[in-house]
Amino acid sequence: MPKPLRVVLAAIAVLSAVVAASSPAFAERPISGAEAQRLLAGKQFRIQCVDGTQGHGVFNAHGLVTVAYRRFNASNDAPDMRDRATVRARGHEICLAWKEFDGGGDGCYPVAEKDAGHYRIGSAMRWCEIKARAN
């Protein structure tokens, strides 16, 4: 094989490996709803959602999560909004029954572990990232 062709093929292989390693699918490990519940139970966390919502909360050991959050368009002097949800596992999803957060209601979402203590709940277009804090 001529030398220039080998260089081009090697460059393509390296570029493909870099793209694959940097893709979100490569960096995330899908986890079951039960595993997510176990990993998050008793943890305080920060939350940031794709729509700009940010806040903090806690998953307790009894299947409840509470959050204090601020929408992206809230004024600086507006108080944090607060909500509570029941949490349950359903196969590869975690289900949350909110009163107001995320529009309220009961929804089930896939969970992926990005790295230790860092999770993405939701799918490609609608998700929140949870970063657990050390207690």
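Sequence order as written defines the numbering, with residues in each chain counted from 1. For a predicted model such as this one, the threshold for reporting local features is a pLDDT of at least 70, and the threshold for listing and counting side-chain atom pairs is 80 or more; totals across whole chains, interfaces and linings nevertheless cover every residue. Working from all heavy atoms in the structure, the side-chain values ignore hydrogens and water.

1. Section: the side chain of Arg120
Then, in step 1: One can find Arg120 in strand E8 (residues 118-122).
Then, in step 2: In this scheme, a residue with accessible area under 20% of its type's maximum is buried, one over 50% is exposed, and one in between is partly exposed, where area comes from a 1.4 Å probe on protein chains only. Relative accessible area serves as the criterion here: at 17%, Arg120 is assigned to the buried category.
Then, in step 3: Under the rule applied, a polar contact is a pair of N or O atoms within 3.5 Å (in protein, one hydrogen donor and one hydrogen acceptor; residues adjacent in sequence only if both atoms are side-chain atoms). There is a polar contact of 2.7 Å between the side chain of Arg120 and the side chain of Glu129.
Then, in step 4: Excluding its chain neighbours within four sequence positions, the residues that come into contact with Arg120 are Glu28, Pro110, Val111, Ala112, Lys114, Trp127, Cys128 and Glu129. Helix and strand definitions follow DSSP, with helices as H or I runs of at least four residues and strands as E runs of at least two, each counted in order from the N terminus. Residues are treated as being in contact if the distance between any of their heavy atoms lies within 4.5 Å.

2. Brief notes about the state of the cysteines
Then, in step 1: Whenever a pair of cysteine sulfur atoms sits within 2.5 Å, that pair is classed as a disulfide. Enumeration over the complete set of coordinates arrives at 2 disulfides.
Then, in step 2: Shown here is the disulfide that connects Cys49 with Cys128, its sulfur atoms set 1.9 Å apart. In this structure, the disulfide formed by Cys49 and Cys128 twists by about 95° around the S-S bond and is classed as right-handed. Residue Cys49 is found in strand E2 (residues 44-49), and its partner Cys128 is found in strand E9 (residues 127-133); the two are separated by 79 residues along the sequence. Take Cys49 and Cys128: they sit in the same class, and that class is buried.
Then, in step 3: The residue that forms a disulfide with Cys95 is Cys108, at a sulfur-sulfur distance of 2.0 Å. Taking the torsion about the sulfur-sulfur bond, which here is approximately 105°, the covalent link between Cys95 and Cys108 counts as right-handed.

3. Quick notes on the packing of aromatic side chains
Then, in step 1: Aromatic rings from Phe, Tyr and Trp, with only the six-membered ring used for Trp, were paired whenever their centres fell within 6.5 Å, and each pair was classed as stacked if the ring planes differed by under 30 degrees, edge-to-face if by over 60, and tilted otherwise. One pass over the full model with this rule turns up 3 aromatic pairs.
Then, in step 2: Aromatic side chains Phe45 and Phe59 sit 5.1 Å apart centroid to centroid with 45° between the ring planes, which places their arrangement in the tilted category. Note that Phe45 is positioned in strand E2 and Phe59 in strand E3 (residues 54-59), a separation of 14 residues in sequence. In terms of burial, Phe45 and Phe59 fall into one category: buried.
Then, in step 3: Judged by centre distance (4.8 Å) and plane angle (50°), the rings of Trp98 and Phe101 are tilted.
Then, in step 4: Among the residues examined, Phe101 registers a relative accessible area of 5% and is labelled buried.

4. Let's talk about the pairing of E3
Then, in step 1: With burial as the criterion, only one face of E3 is covered, namely that bearing Gly55, Gly57 and Phe59; the residues Gln54, His56 and Val58 on the opposite face remain uncovered.
Then, in step 2: Where E2 and E3 come together, 5 bridges link them in antiparallel fashion. The residue of E3 that forms the bridge with Arg46 is His56.
Then, in step 3: What sits between E2 and E3 in their antiparallel hairpin is a turn of 4 residues, with Gly52 showing a positive phi close to 95°.
Then, in step 4: As paired elements, E3 and strand E4 (residues 64-70) share 6 bridges and run antiparallel to each other. Bridge pairing in E4 places Gly55 opposite Tyr69.
Then, in step 5: Between E3 and E4, which pair antiparallel in sequence order, lie 4 residues; one of them, Gly63, sits at a positive phi of approximately 85°. In short, DSSP must find at least two bridges between two strands for them to pair.

5. A short note on the pattern of salt bridges
Then, in step 1: Every case where a carboxyl oxygen of Asp or Glu lies within 4 Å of a side-chain nitrogen of Lys or Arg is listed as a salt bridge. By the definition in use, this model includes 11 salt bridges.
Then, in step 2: Of the charged contacts, one joins Arg71 and Asp51 as a salt bridge, the two residues approaching to 3.7 Å between their closest N and O atoms. Taken together, the residues Arg71 in the loop between E4 and strand E5 (81-90) and Asp51 in the loop between E2 and E3 connect sequence positions 20 residues apart.
Then, in step 3: Given the relative accessible area of 24%, Arg71 is considered partly exposed.
Then, in step 4: With relative accessibility at 41%, the residue Asp51 sits in the partly exposed group.
Then, in step 5: One salt-bridge network, held together by shared partners, links Glu28, Lys114, Arg120 and Glu129.

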